[in-house]
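Geometric and topological summary
One letter stands for each residue in the lines below.
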Amino acid sequence: MGKKENYVEDYLVKQCKKEGFLVYKFTSPGTNGVPDRMIITDNNVFFIETKARGETTRKLQNAIIKQMRKEGSIVFVADTREEIDDILKIYSLKKKLPLKDFIKEIREIKGINRRDLAKKANINHTTLFRIENGESNMPDIKILYKLAKALDIPYQILIDLTIENIKDGPHE
């Protein structure tokens, strides 16, 4: 028998506090199936549904999560501490790194070389090289979307980092 759901949820709360993220128990009176936790970081709000290892979301939870995502919410489901670490690392790195370094770091964490990521994202290898080397501080939104999808991260993060590049001024 595996660990209970609160094993993962309690770990999430501890790690969020350690990172300086706000974390709240998310409840919606009269609506069952909402994710367990709402996390607020630097300009980001996202939700995490925690499960015991190997458990999956119920039918109602799937419907609620689908509806939330359709409306633009970022919702994760995690059943291990490692998944919690992976999710929080994305947002922790976002606070610390510019776009070029963020993409490279996430790519390396996920064990993908540059050429394979470009192929998976269906973009030109040279385009990815230019982004990771800071030669392209304002990539096309379609490129950002394809990279986010290939890296399995919310595309809003890459958009936010691109906006930060613009605010910081020209780097070329």
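Here is a short report on the structure shown in this document. The model shown is predicted, which means the values in this text are computed figures rather than measured ones.

1. Brief notes about the sheet that holds strand 4 (residues 75-78)
The four strands are arranged 1-2-3-4 in an open sheet whose pairing can be described as mixed. The sheet is open, and its two edges are formed by strand 1 (22-25) and strand 4, each paired on a single side. On average, each strand axis in the sheet is inclined to that of its neighbour by 25°, with strand direction left out of account. Contacts from helix 2 (residues 59-70) reach strand 3 (44-50) and strand 4, with the element oriented near 145° to strand 4.

2. Describing helix 7 (residues 141-151)
Looking only at helix 7, the buried set comprises I143, L144, L147, A148, A150 and L151. The buried residues of helix 7 all sit within an arc of 165° when viewed along its axis, so they share a single face. Turned more than 90 degrees off the buried face of helix 7, the exposed positions are I141, K142 and K149. Structurally, the start of helix 7 carries an N-cap: the backbone nitrogen of K142 is 2.8 Å from a side-chain oxygen of D140. Two residues or fewer after helix 7 comes D152, characterised by a positive phi angle close to 60°.

3. Considerations on the pattern of salt bridges
One pass over the structure, following the stated rule, counts nine salt bridges. Here E49 and K51 are joined by a salt bridge, their closest N and O atoms 3.5 Å apart. Of the two residues, E49 and K51, both sit in the buried class. Put simply, D101 and K100 hold a salt bridge, and the shortest N to O gap is 3.4 Å.

Definitions and cut-offs
- Residues numbered from 1 in each chain as written.
- Predicted model: local features only at pLDDT ≥ 70, side-chain atom pairs only at ≥ 80, totals over all residues.
- Heavy atoms only, no water.
- Pairing = 2+ DSSP bridges.
- Helix = DSSP H or I, 4+ residues; strand = E, 2+ residues; numbered from the N terminus.
- Axes fitted to C-alpha atoms, helices over the stretch in contact; angles between N-to-C directions.
- Contact = heavy atoms within 4.5 Å.
- Buried < 20%, exposed > 50% of the residue type's maximum accessible area, 1.4 Å probe, protein only.
- Arc of directions from axis to C-beta.
- Polar contact = N/O pair within 3.5 Å; in protein donor to acceptor, adjacent residues only side chain to side chain.
- Salt bridge = Lys/Arg side-chain N within 4 Å of Asp/Glu carboxyl O.

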